[in-house]
Amino acid sequence: MKITEAKVIVCCPGRNFVTLKIITDQGIFGLGDATLNGMEKSVVAYLENYCIPSLIGRDPANTEDIWHYFYRGVYWRRGAVSMTAVSAIDMALWDIKGKVLNTPLYNLIGGKSRDKVLVYCHANGKNIDDTLDKVGTEIENGFKAVRIQSGIPGIENTYGVSKDNKPYEPAHKGLAHEEFWDTSSYLNFIPALFKKVRETYGDNLHLLHDVHHRCTPIEAARLARELEPYHLFWLEDPVAGELQEGLRLIRQHSTTPIAIGEVFNSIYDYSTLFSEQLIDYIRMPVAHGGGITHLLKVSAMASVYHINTGFHGATDLSPVNLAAAIHFNLAVNNFGIQEYMPHQEIVNEVFKTNYQYENGFLSIDDSPGIGVDIDEKSALRFPYTMARLPVNRKTDGTMFNW
Ligand code: CS2
Ligand code: MG
């Protein structure tokens, strides 16, 4: 079997998605998610100008060799743009492999370790009372784990918290918004928020919180320590993480579990964090973490250090990524939890999905490969719209040094 064609489909049903479609001489095709929020067109250019010409004529079954060709074969390795492209190629090839062998992806990577995947949802409120209401709604929706974010008194815009109850979307249309952030207001507020949540909803619900990399290591250590009484499932991205040693400081001061890495893209971003057991969950999604081939290695290495998966699953990753993640999560032994925010209804006009949410868990059907399809005609109805993630400054206008 040979790859005869590959194309990149860009569409914006409510938000931008980039999808790679790899087609073979036997008519079987595979899909990969190549969406990188706010940088979509860079991935498109890299795929179209550099990767696709080198894919034509290769045997799609050789997932391992092709992964190494695009990772080790290039001089300028790693980076979010190239790794998103590599991930999309890898995902599409595993999709083809499953279709050729007529079996779902999870069967190719170990079969089922579980029948369904524990997920966490988001409760984002304007203030404590609004956030408490949102948590209550998600409990009614069956969720066993909820990520809690809230507007912060004294901060006009809190990342990812909509002021008008719109669906979650941190990117804004057009150029990047500049927002202002005050770490001390944030640090004073968050423990009080979690105290209220525990008082209101008791001890059984899993609680998560995302710092979105907005602390220095010592500030994050303080937060992690002050949240200890509320027994978080995890505290996410407490620091930016480029400085892997920064995580040591947090660990020295707190037993709050730590998740990191939605912006990481290779095993080398994690090596110190694993070997020194400085974190508890890995966040790289299939679409940015090198695809199935690389994440199998990352999660195998993590498991040696008792570290579990907790993949990024925001709505700026497409249904192809989510389905691939569900297969992966069903198979690996060290699965922890999967982030889940339902895509807007309109996304279903382009993507035909094969997964289902029920009572706190996601499951997937037995379609071969990844099992998601794209309606290319419908995609044409939703052209790309420029959108960017916000930039943050301190309240005096200075750029942060986190
Ligand atoms: C967030 C994301 O889901 C998360 O954990 O950090 O919303 C993230 O900010 C966006 O995916 C950025 O594109
Ligand atoms: Mg996050």
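Definitions and cut-offs
Residues numbered from 1 in each chain as written. Chains lettered and ligands numbered in written order. Predicted model: local features only at pLDDT ≥ 70, side-chain atom pairs only at ≥ 80, totals over all residues. Heavy atoms only, no water. Near = heavy atom within 4 Å. Polar contact = N/O pair within 3.5 Å; in protein donor to acceptor, adjacent residues only side chain to side chain. Areas by Shrake-Rupley, 256 points an atom, 1.4 Å probe, with all protein chains shown as cover. Nonpolar A, V, L, I, M, F, W, Y, C, P; charged D, E, K, R; others polar. Pairing = 2+ DSSP bridges. Helix = DSSP H or I, 4+ residues; strand = E, 2+ residues; numbered from the N terminus. Axes fitted to C-alpha atoms, helices over the stretch in contact; angles between N-to-C directions. Donors = N, O, S within 2.8 Å, 3.2 Å for Na, K, Ca; no water. Buried < 20%, exposed > 50% of the residue type's maximum accessible area, 1.4 Å probe, protein only. Core = buried A, V, L, I, M, F, W, Y, C linked by side-chain atoms within 4.5 Å. Contact = heavy atoms within 4.5 Å.

## A few points about the site of ligand 1
No. 1: By nearness alone, 14 residues border ligand 1, and Tyr159, Tyr168, Glu262, Asp316 and Glu339 come closest of all.
No. 2: Within the side chain of His312, a nitrogen or oxygen atom sits 2.9 Å from an oxygen atom of ligand 1.
No. 3: Glu339 has a polar side-chain atom sitting 2.5 Å from an oxygen atom of ligand 1.
No. 4: Taking 330 Å² as the accessible area of ligand 1 by itself, protein coverage stands at 95%.
No. 5: Each residue belonging to the shell around ligand 1 can be placed in one class, and the counts come to four nonpolar, three polar and seven charged.

## Side note on the sheet that holds strand β1 (residues 3–11)
No. 1: Strand order in this open sheet of three strands is β1-β2-β3, and the pairing throughout is antiparallel. Unpaired on one side and paired on the other, β1 and β3 (29–33) mark the two borders of the sheet. On average, each strand axis in the sheet is inclined to that of its neighbour by 20°, with strand direction left out of account.
No. 2: For β1 and strand β2 (residues 17–24), the ladder comprises eight bridges, and the chain directions are antiparallel.

## Describing the coordination of the magnesium ion (ligand 2)
Ideal geometry at a metal centre gives angles of 109.5 degrees when four donors are arranged tetrahedrally and 90 or 180 degrees when six donors are arranged octahedrally.
No. 1: Here the magnesium ion (ligand 2) is held by the protein donor atoms Asp210 (OD), Glu236 (OE) and Glu262 (OE), which lie 2.0 to 2.1 Å from it.
No. 2: Taken in sequence order, the residues that donate to the magnesium ion (ligand 2) follow the motif D-x25-E-x25-E. With Asp210 in strand β8 (residues 206–210) and Glu236 in strand β9 (residues 234–236), this residue pair connects regions lying 26 residues apart in the sequence.
No. 3: Given the relative accessible area of 0%, Glu236 is considered buried.

## A look at the nonpolar core
No. 1: Tyr186, Ile190, Phe194, Leu247, Tyr270, Ile279 and Ile282 are the most contacted members of the largest nonpolar core, which totals 97 residues.
No. 2: Among the elements that make up this core, the one with the highest residue count is helix α11 (residues 319–331) (nine residues).
No. 3: If we skip the residues at most four places from it in the chain, Ile279 touches Leu247, Arg251, Ile258, Ile260, Tyr270, Leu273, Phe274 and Ile307.
No. 4: Formed by 27 residues, the second largest nonpolar core is a distinct cluster that contains Val43, Val44, Phe70 and Ile89.

## Observations regarding the environment of Asn141
No. 1: Mapped onto the elements, Asn141 comes out in the loop between α5 (128–140) and β5 (145–150).
No. 2: A relative accessible area of 38% places Asn141 in the partly exposed class.
No. 3: Sequence separation of Asn141 and Ala221 is 80 residues, and the distance between their C-alpha atoms is 33 Å.
No. 4: A polar contact of 3.0 Å, which involves the side chain of Asn141, links it to the side chain of Glu138.

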